[in-house]
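# Survey of secondary and tertiary structure
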Amino acid sequence: MKKIDFEQLKSTPNTETLSILDESGQVVNQDLMPDLSDEELTELFKQMVWSRVLNERSTKLNRQGRLGFFAPTSGEEASQIGSNFAMTTDDFILPAYRDVPQLVQHGLPLYQAFLWSRGHVDGNKYPDNFNAVPPQIIIGAQYVQTAGVALGIKKNDKKTVAYTYTGDGGTSQGDFYEGINFAGAFQAPAIFFVQNNGYAISVPREKQTAAPALSQKAVAAGIPGIQVDGMDALAVYTATKAARDWVAAGNGPVLIETLTYRYGPHTLSGDDPKRYRTSAEVDDWQRKDPLIRMRKYLTDKGIWSTDQEKVWEDEVNKQIDEAIKKTESIAPQKVSDFLKNTFIDTPPTIKAEIDAYTAKESD
Amino acid sequence: MAKLSMVKAITQGLDEEIKRDEKVLVFGEDVGRNGGVFRATDGLQDENGEDRVFDTPLAESGINGLAMGLALEGFRPVPEIQFFGFVFETMDEIAGQISRTGHRMGGSRKMPITIRAPFGGGVHTPELHADSLEGLLAQTPGLRVVIPSGPYDAKGLLASSIRSDDPVVFLEHMKLYRSFKEEIPEDSYTVPLDKADVKREGKDITLVSYGYMVQESLKAADALAKEGIEAEVVDLRTISPLDEETIINSVKKTGRAVLVQEAQNQAGVMGQVASIIAEKAILSLESPIGRVSAPDTPYPFSQAEEIWLPNKDDIIEKAKEIVNY
Ligand SMILES: Cc1ncc(C[n+]2csc(CCOP(=O)(O)OP(=O)(O)O)c2C)c(N)n1
Ligand SMILES: [Mg+2]
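Given the structure is predicted, the values throughout are model-derived calculations rather than measurements.

### A few points about the domain arrangement of chain B
All names here are of chain B. Looking at the assigned domains, one finds that chain B contains domain 1 (2–184) and domain 2 (197–324). Centre-to-centre, using C-alpha coordinates, domain 1 lies 26 Å away from domain 2. With 26 residues of domain 1 at the interface, the matching set in domain 2 holds 22 residues. Across the domain 1 to domain 2 interface the summed buried area is about 2,000 Å²; carbon plus sulfur atoms make up 54%. At the boundary of domain 1 and domain 2, one finds two salt bridges. For aspartate 153, the salt bridge goes to arginine 237, with nearest N and O atoms at 3.4 Å. In this assembly, domain 1 and domain 2 are joined by 15 residue pairs in polar contact (both at pLDDT 80 or more). Looking at the side of domain 1 that touches domain 2, the elements with two or more residues in it are α6 (134–138), β6 (144–146) and α7 (151–163).

What follows is the structure, given as structure tokens:
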């Protein structure tokens with residue numbers, strides 16, 4: 001594959017998974033090497049390390065009761081960070097519950113992501129110029145909304161794109177099909193990611209669908225679909241960058257399936273992966289680790305070292321410490337505030353409830 | 001007899017119904033090997049085989065559409081919706097299709113489907129998982145909405161629901177799954193549908209509730225008794241259609257009623273209970289009907305659950321206000 005031919009992919013799914021760096025950090029597809037400077041390459045890797053550290057710290061903070069909901073991301077750094085790295089902050093992101101790393105890289109202050117995790121509304125108060133919505137919980141809902149944001153972008157004559165994420169399980173929802181079909185029908189500038197980590201909680205990918213690839217679902221919507229090695233940040237970046245250029249040029253939406261894996265449990269709310277997968281399988285995937293191969297590639301290139309990584313990890317840990325401190329200093333929520341946010345034009349019944357709760361709250 | 005938590009009583013009940021009737025099928029997201037996210041179907045696939053207990057693709061509308069199709073082929077489906085907060089995904093299959101089949105086909109087809117789902121709040125789930133959306137379905141003709149308040153009732157009501165030829169939405173309060181245990185007979189038994197239950201007798205005031213709020217009402221009744229107020233606690237068990245007789249008899253006896261629901265106030269099930277009392281027992285009332293419910297906002301973020309959810313103190317306060325009216 002020399003150049004990604006999106007026009008061709010509309011009718012024919014790619015039969016070979018796109019990859020650039022193999023497990024040992026060797027370039028196996030020079031033709032598709034992205035045009036990234038050394039600084040950009042190290043920045044991409046630094047964000048992946050950031051995400052890995054954030055995953056580990058979030059897990060610990062959750063165990064200590066300092067964070068609430070958390071969906072582990074380790075193993076998915078190439079897919080999450082590699083894709084987001086090809087976007088601009090003018091693009092509009094519609095993430096799912098596992099896509100907090102992309103959302104923060106897109107501009108959400110980390111302490112707000114932590115507030116969201118802890119179940120505090122201040123985590124979801126976004127400034128007007130932040131092109132994002134909070135992580136979606138309802139599987140598939142973000143896909144249909146992405147078609148809408150993308151159509152809005154098109155009507156507003158912007159040169160940006162809307163992008164969204166779901167998982168392998170998410171492709172079974174009606175909303176998934178409706179979203180890609182609507183975006184196709186309106187030729188709207190949207191990029192749909194399917195992060196195929198092999199499981200929807202406990203249900204293996206093979207049980208979701210008889211389709212051999214999830215990317216091929218794009219064909220029915222008349223839009224290009226491409227399957228990418230989701231443990232390879234350069235492959236994910238290349239596919240996304242090419243897709244973004246193509247989509248932003250007015251050619252309609254693209255669907256990208258990344259083949260990846262989550263090392264941890266589905267979430268930290270009681271999932272026990274031993275019930276549905278073997279540790280040998282986890283080991284197999286860890287050999288494909290996205291950080292190992294990228295680190296090897298950068299080190300061989302002479303632009304990264306373990307010392308540098310250590311310094312960076314310390315800095316990330318400091319950022320996390322500061323963010324969690326700030327999170328813990330935010331005032332508790334009030335029912336009267338929820339009531340005030342329920343309507344813009346507050347009806348009399350709600351006004352009465354606001355008065356009653358305000359009186360209680362000042363007790 | 002063994003003491004079981006509500007979730008274990010439900011698992012045992014499902015197992016018995018699967019064995020009792022070969023047409024019973026249990027399915028949903030993660031119900032197979034994983035045994036459900038709350039472990040309500042734990043071990044059922046190993047025990048009964050993948051033919052009877054199986055995972056579906058991830059789509060709630062698909063799950064209940066499958067249930068309806070299977071019912072048309074003579075099966076007795078027991079689908080699970082992983083969290084009732086996701087019911088909006090499948091409102092058409094439940095409220096638009098399954099519940100109307102008897103009506104649409106002039107009584108020539110039945111829909112013996114029991115849709116199970118965890119609901120309610122107070123266990124710090126992420127956004128959009130916890131909610132009390134039962135009112136949406138209580139307003140739907142052709143559906144029974146059944147909500148147990150503890151392990152014993154859960155197993156017996158589940159058996160009755162599965163054996164019923166009408167569709168049932170069976171809601172399991174998440175906070176009740178593991179909060180206490182009750183003696184559960186090994187053998188299968190039923191608890192009747194359409195029948196409320198007096199969980200505690202009293203002469204001064206009636207507390208009507210269902211689900212987890214029954215437990216809060218019982219706690220409130222204990223506290224009120226210490227102050228000389230004898231509260232009767234009525235557990236609706238089937239919230240739609242309502243057992244009017246039990247409600248009216250209790251109110252006639254006590255002359256006072258406080259209606260307790262975890263759901264938001266507007267258009268809740270207790271609005272219907274208030275209407276029944278007003279229509280059929282108003283002359284027995286010695287004071288206005290009192291209501292305890294959640295404020296009219298969407299379900300709150302998890303850190304604010306405690307200040308948002310009604311609790312025993314709210315019930316005590318309201319009960320005293322009504323008694324001293
Ligand atoms: C509509 C809806 N149904 C069910 C769930 C419960 N649930 C949360 S995550 C999940 C599995 C999702 O799997 P997948 O799409 O593969 O994404 P992953 O979590 O693996 O990233 C399920 C069933 C939900 N959040 N929303
Ligand atoms: Mg998945």
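What follows picks up the thread again.
### A closer look at the coordination of the magnesium ion (ligand 2)
Residue and element names in this part refer to chain A. The magnesium ion (ligand 2) binds to the protein through Asp168 (OD), Asn197 (OD1) and Tyr199 (O); the donor distances cover 2.0 to 2.1 Å. The sequence pattern describing where the donors of the magnesium ion (ligand 2) fall on their chain is D-x28-N-x1-Y. Just as asparagine 197 is buried, tyrosine 199 falls in that class too.

### Remarks on the packing of aromatic side chains
In this structure the tally under the stated criterion is 21 aromatic pairs over all chains. Taken together, a centroid distance of 5.4 Å and an interplanar angle of 50 degrees make the contact between A:Tyr199 and A:Tyr276 tilted. Taken together, the residues span a long stretch of sequence, with A:Tyr199 in strand β4 (residues 199–200) and A:Tyr276 in the loop between β7 (254–259) and α11 (279–286) at a distance of 77 residues. A:Tyr199 sits in the buried class, given a relative accessible area of 10%. Geometrically, the ring pair formed by B:Phe27 and B:Phe54 is stacked, given 5.1 Å between the ring centres and 15 degrees between the ring planes. Linking B:Phe27 in strand β2 (residues 24–28) with B:Phe54 in strand β3 (residues 53–55), this pair joins segments that are 27 residues apart in sequence. Considered together, B:Phe27 and B:Phe54 belong to a single accessibility category, that of buried residues. Ring pairs connect the aromatic residues A:Tyr143, A:Phe176, A:Tyr177 and A:Phe192, which therefore count as one cluster. The side chain of B:Lys23 reaches across the aromatic face of B:Phe75, ending 4.7 Å from its centre.

### Describing helix α5 (residues 110–118) of chain A
Residue and element names in this part refer to chain A. Taken across its nine residues, α5 has eight buried, putting it largely inside the fold. Those residues of α5 that sit buried are Leu110, Gln112, Ala113, Phe114, Leu115, Trp116, Ser117 and Arg118. Looking at the buried positions of α5, the neighbouring elements they touch are α2 (38–63), α4 (100–106) and α13 (306–328). Once α5 finishes, glycine 119 follows within two positions and takes phi at roughly 80 degrees, a positive value.

Reading the values: the criteria
Counting restarts for each chain, with residues numbered from 1 along the sequence as it is written. Chains and ligands are labelled sequentially in the order written, the chains with letters from A and the ligands with numbers from 1. Reporting of local features is limited, given that this is a predicted model, to residues whose pLDDT is at least 70; pairs of side-chain atoms are given and counted only at 80 or more, and all residues count toward the totals for whole chains, interfaces and linings. Computation of side-chain values covers all heavy atoms of the structure but excludes hydrogens and water. As annotated, the domain borders come from an automatic or database domain assignment. The contact criterion used throughout is that any non-hydrogen atoms of two residues lie within 4.5 Å. By definition, the buried area sums, over both parts, the 1.4 Å-probe accessible area that each loses when the two are put together. Salt bridge, as used here, is a side-chain nitrogen of Lys or Arg placed within 4 Å of a carboxyl oxygen of Asp or Glu. Think of a polar contact as two N or O atoms within 3.5 Å of one another; within protein, one of them needs to be a possible hydrogen donor and the other a possible acceptor, and neighboring residues in sequence only count if both atoms come from side chains. Strands are runs of DSSP state E lasting at least two residues, helices are runs of H or I lasting at least four, and both sets are numbered from the N terminus onward. As a rule, N, O and S atoms within 2.8 Å of a metal are its donors, except that Na, K and Ca use 3.2 Å; water is not among the atoms, so sites may look incomplete. Exposure classes here rest on a 1.4 Å probe applied to the protein chains alone. A residue is buried below 20% of its type maximum, exposed above 50%, and partly exposed in between. The aromatic pairing rule takes the rings of Phe, Tyr and Trp, using the six-membered ring of Trp, and pairs them if the centres are within 6.5 Å, calling planes under 30 degrees apart stacked, those over 60 edge-to-face and the rest tilted. Geometrically, a lysine NZ or arginine CZ counts as sitting over a ring once it is within 6 Å of the ring centre and also within 35 degrees of the ring normal.

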